[in-house]
There are 2 protein chains.
Amino acid sequence: MKTRDRILDVSLELFNAEGEAKQTAVDIANALDMSPGNLYYHFKGKEPIIEALFDRFEEEMQIILGGSHGAVTSIEDNWIFVYIVLEEIYDFRFFYRNVGDMMERYPGLAHRFRKILAMKRQAIDNVLSQLEKRGFVDIDRRLRPALVQQMLSTLTFWLSHDLIEGSDRDGPSLIHDTVLQFMLLVVPYMGEAGADALDGMLERRRDLMKA
Amino acid sequence: MKTRDRILDVSLELFNAEGEAKQTAVDIANALDMSPGNLYYHFKGKEPIIEALFDRFEEEMQIILGGSHGAVTSIEDNWIFVYIVLEEIYDFRFFYRNVGDMMERYPGLAHRFRKILAMKRQAIDNVLSQLEKRGFVDIDRRLRPALVQQMLSTLTFWLSHDLIEGSDRDGPSLIHDTVLQFMLLVVPYMGEAGADALDGMLERRRDLMKA
DNA sequence: GTCTATAAATGGATAGAC
DNA sequence: GTCTATCCATTTATAGAC
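Just so you know, these numbers come straight off a predicted model, no measurement behind them.

Further remarks concern the relation of the copies chain A and chain B. Each of the two chain copies goes to the other by way of a rotation about an axis and a shift along it. Relative to chain B, chain A is turned by 180 degrees and slid 0.0 Å along the rotation axis, the superposed coordinates differing by an RMSD of 0.0 Å. Within this description, the copies of the chain are treated as partners about a two-fold rotation axis. Looking at the rotation axis and the C-alpha trace of chain A, the residue lying nearest is Pro188(A), at 3.0 Å. The fraction of interface residues of chain A whose copies in chain B are also interface residues reaches 100%, indicating that both copies meet through the same surface.

This is the structure:
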């Protein structure tokens, strides 16, 4: 099963770098220095390759999002999973450059995308509940669903948004800014402590910029 | 120039209903009860049709976003332009079901999309400034850019988000909920008056649901 | 302006030799 | 497992008659 893995590795790299939609089966074979016939021996086309890549992605995400998110003390620590999720998405960023397009062209992925979305929502909800229970934040019940939705959107469309703005940033810096953007959403609900927490977040971001 | 307009009208309807990516030049001709050859006489293919449709959309958006946004008293009235923008986007929703994909496949649209994005950002900024000046809201300077970005994302990805969630809602109800989602973003910055404003927004939403 | 017919181009897919 | 050769389907695009 070595060639099979090589096909997946190179395909992932190619899709992330050049965009999935533009690559044909022949392009993939070329990138592998392999004949199209041989590629078809291992995978019946582009679609099964995509699905095999999604298998990998899904597995990772389930590990990340299925893990426990309790037992942390500081506010920022609660959101560490956000950072990890963004990094994982970045590894498979071709899926997220254009989620709607992927779901449309590979209908088999739609419900699996939604399952991951639901897990993300659950994870966000858990963390917010933690923060509320510990008294770090106080969120109006009527505003809570909108806040969760906003967080979920951030997690889903950060790459699309960057693409549309055409900023062409490097991955790590984009990830850091997205984490910041995410955390800033709770600041208004932190009351007195909000100002200090905000300072901390921005300072940390500056440190990361330098490094 | 009558056939030309008919082609654009029917194409828009077809793209909105069935998705732009799936329609070929022949499909468009069929929907028009017209031969492909004739279609090609008026437009050299799908791309010039898309661009002509974007001309229409761009013109409308410039009128909406270029207009003045001052001289309104209530908080909700300030956001009327959001409602109008969403309705206009809905009329050309095939552009927004998958913005990134459109920009990728029609590179000529990219900078025009970005121009509209910039106008939206400006309009949001103006309204926020108005609200601040009148003392309706008090937004930390360091949080303001993140808030604007969230609002912009909402305005850009509401249709994608609905598509991904697969909720398959009807247009008007989706538009109303998106306006609500948009306005809820400022509630945390309204201080004492926030609770009342929130009540008003939710009540208004309920009234619209019944109608 | 509109049609029919057909060419040209692209990408997906398989057969059969090695 | 891997290659070459080839076929098939789809879509774009044009030529020429009406």
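Next comes the rest of the account.
Moving on to the packing of helix H9 (residues 107-133) of chain A against helix H10 (residues 144-165) of chain A. Residue and element names in this part refer to chain A. Contact pair H9 / H10: the axes reach a minimum separation of 10 Å and the direction vectors enclose 130 degrees. Relative to H10, the element H9 is oriented oblique. Crossing of H9 against H10: the hand is right-handed. Along the contact surface, H9 presents Leu117, Lys120, Arg121, Ile124, Asp125, Leu128, Ser129 and Glu132, while H10 presents Arg144, Leu147, Val148, Gln149, Met151, Leu152, Leu155 and Thr156.

Bringing helix H10 (residues 144-165) of chain B into the picture now. At Phe157(B), H10(B) shows its largest bend, some 60 degrees. Once H10(B) ends, the next one or two residues include Gly166(B), with phi positive near 65 degrees.

The next point concerns the domain arrangement of chain A. Residue and element names in this part refer to chain A. Partitioning chain A into structural domains gives domain 1 (1-44) and domain 2 (51-210). Computed from C-alpha atoms alone, the centre-to-centre distance between domain 1 and domain 2 is 30 Å. Taken together, the contact pairs 13 residues of domain 1 with 12 residues of domain 2. When domain 1 packs against domain 2, the two sides together hide about 970 Å² of surface, and 55% of this comes from carbon and sulfur. Interface area lost by domain 1 to domain 2 is led by Leu12, Asn16 and Glu20, which between them contribute 56%. The tally of links between domain 1 and domain 2 comes to two salt bridges.

Around DNA strand D, a shell composed of 13 residues is seen, among which Ser35(A), Asn38(A), His42(A), Ala25(B) and Tyr40(B) lie nearest. The contact atoms of DNA strand D, taken as those within 4 Å of the protein, divide so that sugar and phosphate hold 69%. Asn38(A) is positioned such that a nitrogen or oxygen atom in its side chain is 3.0 Å from a sugar or linking oxygen of DNA strand D. The side chain of Tyr40(B) places a nitrogen or oxygen atom 3.3 Å from a phosphate oxygen of DNA strand D. Sorting the residues of the surface near DNA strand D by element identifies helix H3 (36-42) of chain A together with helix H2 (25-31) and helix H3 (36-42) of chain B as the ones contributing at least two each. Looking at the surface near DNA strand D element by element, the count peaks at four residues for H3(A).

Reading guide: rules and limits
Residues numbered from 1 in each chain as written. Chains lettered and ligands numbered in written order. Predicted model: local features only at pLDDT ≥ 70, side-chain atom pairs only at ≥ 80, totals over all residues. Heavy atoms only, no water. Least-squares fit on C-alpha atoms with pLDDT ≥ 70 in both. Contact = heavy atoms within 4.5 Å. Axes fitted to C-alpha atoms, helices over the stretch in contact; angles between N-to-C directions. Helix = DSSP H or I, 4+ residues; strand = E, 2+ residues; numbered from the N terminus. Parallel < 35°, antiparallel > 145°, perpendicular 65-115°, else oblique. Left-handed = near helix turned anticlockwise from the far one by under 90°. Bend = angle between axes of the 7 residues up to and from the residue. Domains from an automatic or database assignment. Buried area = accessible area lost by both parts, 1.4 Å probe. Salt bridge = Lys/Arg side-chain N within 4 Å of Asp/Glu carboxyl O. Near = heavy atom within 4 Å. Polar contact = N/O pair within 3.5 Å; in protein donor to acceptor, adjacent residues only side chain to side chain.

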